[in-house]
Each structure stands twice: as C-alpha cells, then as structure tokens.
Amino acid sequence: MPESLDAGAFRGWVGHGLEALGRAREEIDALNVFPVPDGDTGTNLYLTFEAAAENVEPVAAGDLQATVAALARGALLGARGNSGVILSQLLRGMSEVLGRVMAGPEGTAAADGDAVTEAFERAAELAYAAVDRPAEGTVLTVARAAAEGARASLSRRLSDVVVAAADSARTALEHTPEQLEVLRRAGVVDAGGRGLVVLLDAMVETITGVRRPIVVTRLPRPRVDPSAGMSGYGGPAYEVMFLLDAADDAVPPMKSVLSGLGDSLVVVGGDGLWNVHVHVDDAGAVVEAAMAAGRPYRFRITYLEQAEQLRSTGRGELAARALVMVAHGPGIAALLEANGATIVAAEPKRRPSTAELLEGIRRSAAREVLILPSDRDITPVAEAAAAEARDEGLRAAVIPNRSVVQSLAAAAVHEPGRRFDEDVVAMTRAAGATRYGAVTFASKEAFTSAGVCHVGDGLG
C-alpha cells in the first residue's frame with residue numbers, strides 16, 4: 001500500500017478514474033437535472049477526463065510534476081459542459097499544489113497525505129472561484145466536503161487521508177437534495193457531485209487496492225426521467241463554450257459582461273489560456289464579449305430549450321444509415337471508403353478517442369449509425385461515442401469486433417434497407433463468426449506463447 005503519491009500511482013488513478021467514469025456514465029446522466037436537465041453530465045465528465053488522460057500519455061512515466069500539469073491542461077482544453085469545466089478547475093487546483101511540492105527546494109518525487117490534503121483544498125477553492133454564482137448542493141459542495149474530510153483525518157497516512165476524503169464526499173452527496181430544491185423535487189443527488197465521488201473512490205482503489213461499491217448508500221431513485229426531455233425548462237436558450245487566449249486582466253471585465261447576459265457562468269484557466277462556459281439567450285453577444293477580451297476559438301453553441309426539436313431539425317436531408325469504421329492503414333481505409341463507409345483512422349500505437357469517433361459519426365451525416373471499432377480495446381470508446389450520438393438525436397449502435405477483418409465481414413452483410421435492429425443482429429453474427437489471422441513485427445521485447453520475441457521479430 002503506497003503511502004505517497006508518485007507518478008506511477010497518479011497514472012494508476014487516472015486509469016482507474018476513467019474506467020470508473022465509463023461504468024457510471026449512464027447512471028450519472030440519468031441524475032442530471034441541474035443546472036439544465038439535459039442528461040449529459042456523465043458523458044461530459046467522461047469525455048473531459050478522457051481528454052485529460054490522453055494528454056498524460058506522452059509524458060515521461062516517472063515525472064509526477066509534468067504528469068499532473070498535463071492532466072490539468074488536457075482537461076482544460078477538452079472540457080465538455082458545465083460539469084467538465086468545473087472538473088478541469090478541480091484538476092488544476094490539484095496540479096498547482098502537487099507541482100509546487102515537486103518543484104520546491106525540498107521537492108520530492110511523491111506527495112504524502114498532507115500534500116494531497118492541500119491539493120484537495122486548493123481544488124475546491126479554485127472550483128468555487130470559477131463559478132459566477134456558486135450553489136450549494138452541487139459538485140462544489142462535494143469537493144469542499146472531500147477537502148474538509150481529508151483535513152479532519154486524524155491519521156496523516158495517505159491511505160487514511162484519501163479514504164476520509166471519499167467518505168466525506170459520499171456523505172455530502174447524499175445530502176445534496178436537502179440543499180437544492182430541484183434535486184429534492186426530482187428525487188436525485190447531484191450528478192456532478194456523483195461524478196466526483198466516482199473519481200475519489202477510484203483514488204481509494206488506487207492507493208489501497210480496495211474497490212469501493214459503485215452505488216452510494218441510500219442513493220435516491222429519480223422520480224423523473226431527465227432523458228425524456230426538458231419540458232418545463234425556463235432558463236436561457238443556449239449553452240455557449242469556447243477557449244480564449246487573453247491576458248489575465250482582460251478576463252474579469254468579460255466575466256462581468258457575461259454574468260449580465262445569462263447564468264451558469266464558469267471561467268477556468270490562467271496564464272493566458274481560458275475555458276469559458278455560460279448559458280444565455282443571445283449567443284452573439286457572448287462572441288462579441290469574448291472578442292473584446294482576446295482571441296476566442298473552438299466555439300460550441302448548443303440549443304438547450306427543447307433540444308430534441310433542434311436535434312431533429314433537418315434530419316430529412318440526412319442519409320438513412322451509415323457505417324463508421326475504424327481503419328488501420330491507408331489501404332484498408334481506401335477499400336472501406338470505396339464501399340461507402342465513413343473512416344476514422346487508427347494510427348500506429350494510438351487508438352482513436354471518443355471525440356474522434358464522435359466526429360466521424362457527425363461527418364457521416366446520417367440518422368442511423370453503425371460503428372465498427374475493429375479492435376476490442378476501442379469498443380468502450382465507441383460505446384461512449386454512440387451514447388453521445390444518441391443524446392444528439394441519432395440512432396447509434398456498436399457492432400463489437402476484434403479486427404478489421406471482422407469489420408469487413410460485418411460490412412459485407414450490411415443492408416441499409418432492412419430494419420435497424422435486424423441489421424445490427426446480422427452484422428454482429430457475421431463479425432463473431434469470422435476467424436482471422438495477422439502478421440506483424442514486434443515493436444518491443446516480450447514473452448509470447450512461442451517464447452521471447454525481440455524488436456523486429458516477425459509475429460504471427
């Protein structure tokens with residue numbers, strides 16, 4: 001049981017956290033009623049943390065300072081929705097403290113229980129500061145409770161500190177319906193807070209080796225189905241998100257303008273790079289305020305009011321059904337494209353992300369989409385992309401398979417004219433019944449069923 005958080009343990013937490021958010025994503029989506037009942041908090045948290053995790057991959061394995069900085073920056077650049085922006089600020093707070101511990105005159109290669117406590121405290125502090133009008137009963141409350149629990153732990157051992165933080169966060173989550181009327185009426189706990197508890201539980205698992213139960217005790221059951229629509233929503237019509245290159249002193253005036261335009265304003269970042277989230281009725285005014293502050297880019301504007309109507313607009317102009325397929329190499333890509341598939345490329349040693357698959361789904365311009373991952377390890381990512389596509393009003397399904405050969409077999413029996421479910425069944429059967437082989441070259445030394453292989457050896 002490690003009693004300090006080094007780069008290896010931190011990367012372990014990132015991996016466990018992403019896996020745990022993937023398992024809990026649909027549950028968290030179902031809890032989402034605040035600030036907008038659009039049922040996407042779990043997906044946004046997952047996509048934000050996935051972007052953060054991908055940014056960590058190129059960092060040297062033993063460098064904790066660079067690892068935590070990369071995680072925070074990846075989350076800032078990849079934040080999705082209100083919950084994702086706040087998560088990025090929580091990670092930034094942790095990064096500030098852990099980075100200082102590493103860089104100080106007595107810097108070490110790991111952080112102990114006291115340093116992690118301070119990291120939790122700074123994370124909560126920055127998260128509250130980022131939100132224009134903080135509300136209790138949200139992820140902010142849960143983050144503060146985690147920090148207070150860590151500080152109150154009588155033992156300063158790292159394992160005891162993270163367990164105390166996770167326990168306090170769980171307790172705070174269970175009480176969120178008492179603090180926020182919209183949660184009480186819906187009979188749910190806060191979705192963002194639930195996501196933070198999932199990440200803290202993953203940290204406990206990383207440090208102690210014990211997996212905590214996924215479901216919070218006495219978790220209220222929803223009395224409404226947020227996925228059924230947003231009837232009764234009376235807030236601003238648009239969610240606007242963008243990145244901004246601007247001097248630090250240019251941001252407060254912009255925040256003042258945006259605060260007057262709408263609500264759910266969250267501004268995170270620093271050192272010239274910012275991520276901005278706000279709900280407004282006049283999206284154009286947001287663009288003008290952003291341009292006055294600096295260089296805004298990567299705008300994402302979502303119609304919140306009656307979102308389902310927007311998502312169905314123009315569907316008659318789209319193709320009926322499309323195949324979105326992961327391709328390894330230009331030859332396979334050309335073959336698949338010639339047969340009408342939309343291609344998402346898998347590069348050597350790099351599998352496509354959820355965001356890249358989702359971009360492929362949108363590029364297919366179809367009402368119904370069948371996704372062929374061509375790799376068992378890509379399947380969970382494809383499932384997350386399909387879920388996001390369904391939230392956008394599309395019909396999407398993943399055809400599970402382990403090889404591009406099986407994708408080809410599934411595509412061969414694809415018939416756009418038959419019922420969607422029948423097409424899914426036929427393609428799944430074809431993929432599962434296809435046997436295949438492969439020849440490649442070893443990129444590293446490893447043990448195989450035929451003995452040790454060396455770099456450059458042929459593998460069958």
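Refer to the structure above for everything that follows.
In this report, we go over the structure that sits alongside the text. (Residues numbered from 1 in each chain as written. Predicted model: local features only at pLDDT ≥ 70, side-chain atom pairs only at ≥ 80, totals over all residues. Heavy atoms only, no water.)

Focus: the overall build of the protein
As a reminder, the rule being used: Helix and strand definitions here come from DSSP, where helices need a minimum of 4 consecutive H or I residues and strands a minimum of 2 consecutive E residues; each element is numbered from the N-terminal end. Under the scheme applied here, a residue whose accessible area is under 20% of the maximum for its type counts as buried, over 50% as exposed, and between as partly exposed, the area being computed with a 1.4 Å probe on protein chains only. Only heavy atoms enter the contact rule, under which two residues are in contact if any of them lie within 4.5 Å. Working definition of accessibility: Shrake-Rupley area with a 1.4 Å probe, residue cover restricted to the visible protein chains.
Each helix and strand in the protein was counted, giving 18 helices and 14 strands. Within the protein, the fraction of its 460 residues that count as buried is 52%. Put simply, of all contacts in the protein between residues at least 6 apart along the chain, 71% involve residues at least 24 apart. Roughly 20,500 Å² of accessible area belongs to the protein as shown, and the carbon and sulfur atoms make up 53% of that amount.

Digging into helix 3 (residues 64-78)
Counting along an α-helix, one turn takes 3.6 residues, and residues three or four places apart therefore face a common direction. Put simply, the rule is: An expected span of 1.5 Å times one less than the residue number is assigned to each helix. Pairing of N or O atoms within 3.5 Å defines a polar contact, subject to two protein rules: one partner must be a possible hydrogen donor and the other a possible acceptor, and residues neighboring in sequence count only if both atoms are side-chain atoms.
The terminal C-alpha atoms of helix 3, which comprises 15 residues, lie 21 Å apart, in line with the 21 Å expected from a rise of 1.5 Å per residue. All of the buried residues along helix 3 are Leu 64, Thr 67, Val 68, Ala 70, Leu 71, Ala 72, Gly 74, Ala 75, Leu 76 and Gly 78. For helix 3, the N-terminal cap is Asp 63; the gap from its side-chain oxygen to the backbone nitrogen of Gln 65 is 3.3 Å.

Points about helix 10 (residues 191-208)
For helix 10, built from 18 residues, the straight-helix expectation of 26 Å at 1.5 Å per residue is met to within 8% by its first-to-last C-alpha distance of 26 Å. Buried residues dominate helix 10, accounting for 18 of its 18 residues. Where helix 10 begins, one side-chain oxygen reaches toward the backbone nitrogen of Gly 192, 3.2 Å away; that side chain belongs to Asp 190. One or two positions beyond helix 10, positive phi appears at Gly 209, with a value near 80°.

Here we look at the pattern of salt bridges
Counted only if it meets this: Salt bridge, as used here, is a side-chain nitrogen of Lys or Arg placed within 4 Å of a carboxyl oxygen of Asp or Glu.
Per the counting criterion, the structure on display carries 30 salt bridges. The partner of Arg 194 in a salt bridge is Glu 27, with the nearest N and O atoms 2.7 Å apart. Of this pair, Arg 194 sits in helix 10 while Glu 27 sits in helix 1 (residues 7-31), and the two are 167 residues apart along the sequence. Residue Glu 27 is classed as partly exposed on the basis of its relative accessible area, which comes to 23%. Here Arg 156 ties to Asp 114 by a salt bridge, and the two come within 2.9 Å at their closest N and O atoms. Within this pair, whereas Arg 156 is found in the loop between helix 6 (139-152) and helix 7 (158-174), its partner Asp 114 is found in helix 5 (residues 113-130), the two being separated by 42 residues in sequence. Relative accessible area serves as the criterion here: at 27%, Arg 156 is assigned to the partly exposed category. By relative accessible area, which is 39% here, Asp 114 ends up partly exposed. Salt bridges here are not isolated pairs; linked through shared partners, they connect Arg 321, Glu 368, Arg 395, Asp 421 and Asp 423.

Quick look at the packing of helix 11 (residues 251-261) against helix 12 (residues 283-293)
Counted only if it meets this: In this description, a line fitted to the C-alpha atoms serves as the axis of each element, helices being fitted only across the stretch in contact, and the angle between N-to-C directions of two axes falls anywhere from 0 to 180 degrees. For classification purposes, an angle smaller than 35 degrees is called roughly parallel, one larger than 145 roughly antiparallel, one from 65 to 115 roughly perpendicular, and anything else oblique. Any residue that is not Ala, Val, Leu, Ile, Met, Phe, Trp, Tyr, Cys, Pro, Asp, Glu, Lys or Arg is counted as polar, Gly included; the first ten are nonpolar and the last four charged.
Interhelical geometry of helix 11 versus helix 12 gives an angle of 175° and a closest axis separation of 9 Å. When the axis of helix 11 is compared with that of helix 12, the two are roughly antiparallel. Across the interface between the two elements, Met 254, Val 257, Leu 258 and Leu 261 of helix 11 pack against Ala 285, Val 286, Ala 289, Ala 290 and Ala 293 of helix 12. A per-class count over the contact of helix 11 with helix 12 returns 9 nonpolar, no polar and no charged.

Comments concerning the nonpolar core
To keep things clear, this is the line we draw: Nonpolar cores are built from buried Ala, Val, Leu, Ile, Met, Phe, Trp, Tyr and Cys residues. Side-chain atoms within 4.5 Å join them into one set.
Ranked by internal contacts, the top residues of the largest apolar core, which has 81 residues, are Leu 5, Phe 10, Trp 13, Phe 49 and Phe 120. When residues in this core are grouped by element, the largest group, 11 residues, is from helix 1. Contacts of Phe 10, omitting those with residues within four sequence positions, involve Leu 5, Leu 64, Thr 67, Val 68, Leu 71 and Leu 98. Membership of the second largest hydrophobic core comes to 20 residues, among which are Val 324, Val 381, Leu 394 and Ala 396.

Concerning the packing of aromatic side chains
Condition: Think of it this way: a Phe, Tyr or Trp ring, Trp meaning its six-membered ring, pairs with another when their centres are within 6.5 Å, and the plane angle makes it stacked under 30 degrees, edge-to-face over 60, tilted otherwise.
What the rule picks out here adds up to 3 aromatic pairs. Each ring, one from Trp 13 and one from Phe 49, has its centre 5.7 Å from the other, and the planes form 70°; the classification is edge-to-face. One end of the pair, Trp 13, is in helix 1; the other, Phe 49, is in helix 2 (residues 41-56), with 36 residues separating them in the sequence. Across the pair, exposure class does not vary: Trp 13 and Phe 49 are buried alike. An aromatic cluster of at least three residues, connected via ring pairs, comprises Phe 10, Trp 13 and Phe 49.

Brief notes about the side chain of Glu 50
For clarity, the threshold we go by: His is not counted here, nor are the chain ends, while Lys and Arg score as positive and Asp and Glu score as negative.
You can see Glu 50 is positioned in helix 2. This buried residue, Glu 50, is left without a salt bridge; Arg 80 holds the nearest opposite charge, at 7.7 Å. Residues contacting Glu 50, with those up to four places away along its chain left out, are Leu 18, Ser 353, Thr 354, Ala 355 and Val 381.

Brief notes about the pairing of strand 4 (residues 262-270)
To keep things clear, this is the line we draw: Paired strands, in this sense, are two strands between which DSSP finds at least two bridges.
Extensive coverage of strand 4 is indicated by the burial of 7 of its 9 residues. Pairing of strand 4 with strand 5 (residues 273-280) involves 7 bridges; the strand directions are antiparallel. Counted as the bridge partner of Val 267 is Val 276 from strand 5. Where strand 4 hands over to strand 5, the hairpin turn is made up of 2 residues, of which Asp 271 adopts a positive phi near 55°.

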